[in-house]
Amino acid sequence: MPTIKLPGCRHDILGHYLKGIGLLRVLAKCAAPEHRDPEAEGFWRHDDGAFYLCSEKYGAKEKLSEFFEKYYMPTPVFAEQQNANTQTKCRSTSLSLTDYLVAAAKNLGVATGNNMKSGDAISVYRESHLSATADVLDAITLPYCIDNKSDNPLFLSKGRTSGVGHVWSSFGEYVDKFEKLRSQKNKKSFNYLFSLTFIDSKSDKKMTKGKGTPFFPDAIKSYNIGSGWVEEKYPFSSLDYILAVEGAFVMRGSVTRTLGSNTRRFAAFPFVFDAGEDLVDDSNKFKGTSSALWFPIWGRPATYSELSSFISDAQARLPKKDVRYSSEFLRALYSQGVDAGFSGWQEFRFRMRGSRVPWITTGNYCETKHNKTVTILNRALAPIDKSRFIDHLARKGNDADSHTRPIRAEINAAIENAAISATADNCLEILCAVFSACKKIAISKSFREKARLQRPVFFEPLPMLEWNELLKDLESIREFDIARAVASIVGLRKQERKSTPTQKVYSKVQPLFGSLLPLNCGRNGWYLPNDDDRSKQAVWSGVALCHDLVAVLQRRYMDSSKDDYPALQAVKPARLENIIAFLNGELDDAKIARWIEALSLIGWHFEKQEDALQSQDDVGSTTASLSVPLPYAALRTLVDLECAFQQKEEYKHRRSSQPIGQLCQCSAGALAQATQEALRWISIWGVRNPWQESRQEREILKGAYVVNLDNCALSISENLVSPERVAAAVCIPLCWKDRWQLHQIVTLPISV
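Residues numbered from 1 in each chain as written. Predicted model: local features only at pLDDT ≥ 70, side-chain atom pairs only at ≥ 80, totals over all residues. Heavy atoms only, no water.

A few points about the environment of Trp-604
Part 1 of the reasoning: Secondary-structure assignment places Trp-604 in the loop between helix 22 (589–599) and helix 23 (630–643).
Part 2 of the reasoning: Of the residues examined, Trp-604 reaches a relative accessible area of 9% and is grouped as buried.
Part 3 of the reasoning: Sequence-wise, Trp-604 and Val-571 are 33 residues apart; in three dimensions their C-alpha atoms are separated by 6.5 Å.
Part 4 of the reasoning: Setting aside chain neighbours within four positions, we find Trp-604 in contact with Met-464, Asn-468, Arg-484, Ala-487, Ser-488, Val-490, Val-571, Lys-572 and Leu-599.
Part 5 of the reasoning: Polar side-chain contacts of Trp-604 include one of 2.9 Å to the backbone oxygen of Leu-599. (Helix = DSSP H or I, 4+ residues; strand = E, 2+ residues; numbered from the N terminus. Buried < 20%, exposed > 50% of the residue type's maximum accessible area, 1.4 Å probe, protein only. Contact = heavy atoms within 4.5 Å. Polar contact = N/O pair within 3.5 Å; in protein donor to acceptor, adjacent residues only side chain to side chain.)

Shown next as structure tokens:
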């Protein structure tokens, strides 16, 4: 089949994209039957972004030009005119829209009642009219029958805005210009019009000024889209605008698909989503939230009827919720998929209202293909989807929404970035944004009142396995290792020695997230308890990392004093070398604190019971190479001994509250006393012999084999860092494979 390239139609600029779609429509519908070509096919090529037309009838540019010059019949539209009665008028008649439709229905022999409303008139007219124009009638008339909440930004304010924003009025004006030009039968002028419409944008053809809103903002003036200035370099003609509107008719779909994505079980085309950003006017005044439109790209030839079928069938789905935001559409696109078999999707952002330049001409382009990482991301975000946490932040009323809108925008932007480029850094930024929202809601009563969130909704702890997979590329970063160790401190542990076959007893100490925010974890996830029911566990300020870690250590230790073990056990403890780097002040405290907050959203748990038993394997055989201060070695060893698993028949309740209490005073004198007391308890309980050459002779070292400060040649003041930082380091769970290095510091070889 003859194929021609139309470089004037490209998928990354809204108007030029719609021209390509409109071209298929006018060839199939907008001419006398003998001049139509319903078998004409079109497709996009990704290497040059251009639209290609395949047609037996109009497969040459001369033939296509002849079609527009002689046979094309522009679709008639209704344009709104404002008179004293503020009625909607048909552009070419004095009848109101309702009267016009009623009269048209009567001419078709349809019975109509008295005082028929416009919605009824449209329904009658649509059911009786030719199916060939039903989609156009839907696109034009539906805005007059539905409320403002269902505004589709493709036609600005439903095509009813006055001035340059009035789509139908602009369309009518350009149709008049087009008809006038071809009625002159000036072949040279018409050829110029045709070439101006379908030439390459890099051509030296002269730019034509005009009212390009909303499809051709580049036809009006230069403007900045963030990555650079867009200049007036794209040719523009009356036929450009006419074809763009014809293409927009295709994208409006049927009546059932133009009510807005918020009102359907699944979002169907046209895919119009909340982008979460501010929508402003020319004076930069907030007018609402911006919208994002996603249009399909296909790489194989398709006819207009096939395209219409694809559009009617296209749906975007997420497993746990309806798609409402642009970020959610991306997730659906890469995992669940969007029906109809399109090869890709082009995004356009609507950021200004009532402006002569309402559109960002380019946006994200995403291929329709399965993305394993985004599929994992969807599972990782399933609790947030299920709880509709983001949806609950969309408050009714401008005053309330003005408080929650920045939060929604931050979360959606982070999710969208991760869906486009699912790197570990981008995935972690999602957790940071979500924690920031939770913190704002949980700790600020005034914010909840202003945002009308008296009963805030949170979510279940996020799935650990999926987030481990998403963040695995960060494991080599020392700050991440420290942050994950603290964030993975578990809570609500089952108390084996208090539980009975008929009644299970659990610790009242929450997972670490409950130490950061005043939230409790129940059967349905995290929730904000009443003021009378809130515990004192949340001690995190987010201001100074060391101060917060000391507060967490003291609070969790004291709150779990009657539990089987201290509430300081972690699923992902840190390596000793990274803890020593933290102890020496070599790491970024601000980054660690931010990541602790983010990672605490994950539901950390021991996958197997054995994982919590603190195995006694992998004891080292050589002298420790790290320079570890004795106070840290003694106090961390003490905490590890209290957390170490004990056989049920040999279990003894190990608690030494005095050393921890002294440690958390964060003074040099108290630290010395805490170290001495810790060594005393270690000498009582004993540690496994870290010296391999003498392990067969004595497996457990205690008593005189434990360092005594009174007889120790090494003064406690040597190599000592800040007492507060020592206490903070003790709070960081230590990898059990590294504990032998601490044992070598607090014990003496048998030979000595």
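Regarding the side chain of Ser-65
Part 1 of the reasoning: Within the fold, Ser-65 resides in helix 2 (residues 61–71).
Part 2 of the reasoning: On the basis of relative accessible area, Ser-65 is assigned to the buried category, the value being 4%.
Part 3 of the reasoning: In contact with Ser-65, other than residues within four places in its own chain, are Phe-190, Asn-191 and Phe-194.

Section: the sheet that holds strand 3 (residues 50–54)
Part 1 of the reasoning: Within the open sheet, the four strands sit side by side as 1-3-2-9. Their pairing is antiparallel. Two strands lie at the open edges of the sheet, namely strand 1 (3–10) and strand 9 (302–303), each paired on one side alone.
Part 2 of the reasoning: Of the strand pairs in this sheet, strand 2 (residues 41–44) and strand 3 are connected by four bridges, and their pairing is antiparallel. Bridging from a neighbouring strand, Phe-43 pairs with Tyr-52 of strand 3.
Part 3 of the reasoning: Sheet contacts for helix 1 (residues 14–29): strand 1, strand 2, strand 3 and strand 9; angle to strand 1, the most-contacted strand, approximately 135°. (Pairing = 2+ DSSP bridges. Axes fitted to C-alpha atoms, helices over the stretch in contact; angles between N-to-C directions.)

Section: the side chain of Arg-556
Part 1 of the reasoning: Looking at the element boundaries, Arg-556 is found in helix 20 (residues 545–559).
Part 2 of the reasoning: It turns out Arg-556 is buried and unbridged, and the closest side chain with the opposite charge, Asp-559, is 7.5 Å from it.
Part 3 of the reasoning: What Arg-556 contacts, discounting residues up to four positions off in sequence, is Ile-489, Val-490, Gly-491, Val-509, Gln-510, Pro-511, Leu-512, Ser-515, Gln-537, Ala-567 and Leu-568. (Lys, Arg positive; Asp, Glu negative; His and termini not counted. Salt bridge = Lys/Arg side-chain N within 4 Å of Asp/Glu carboxyl O.)

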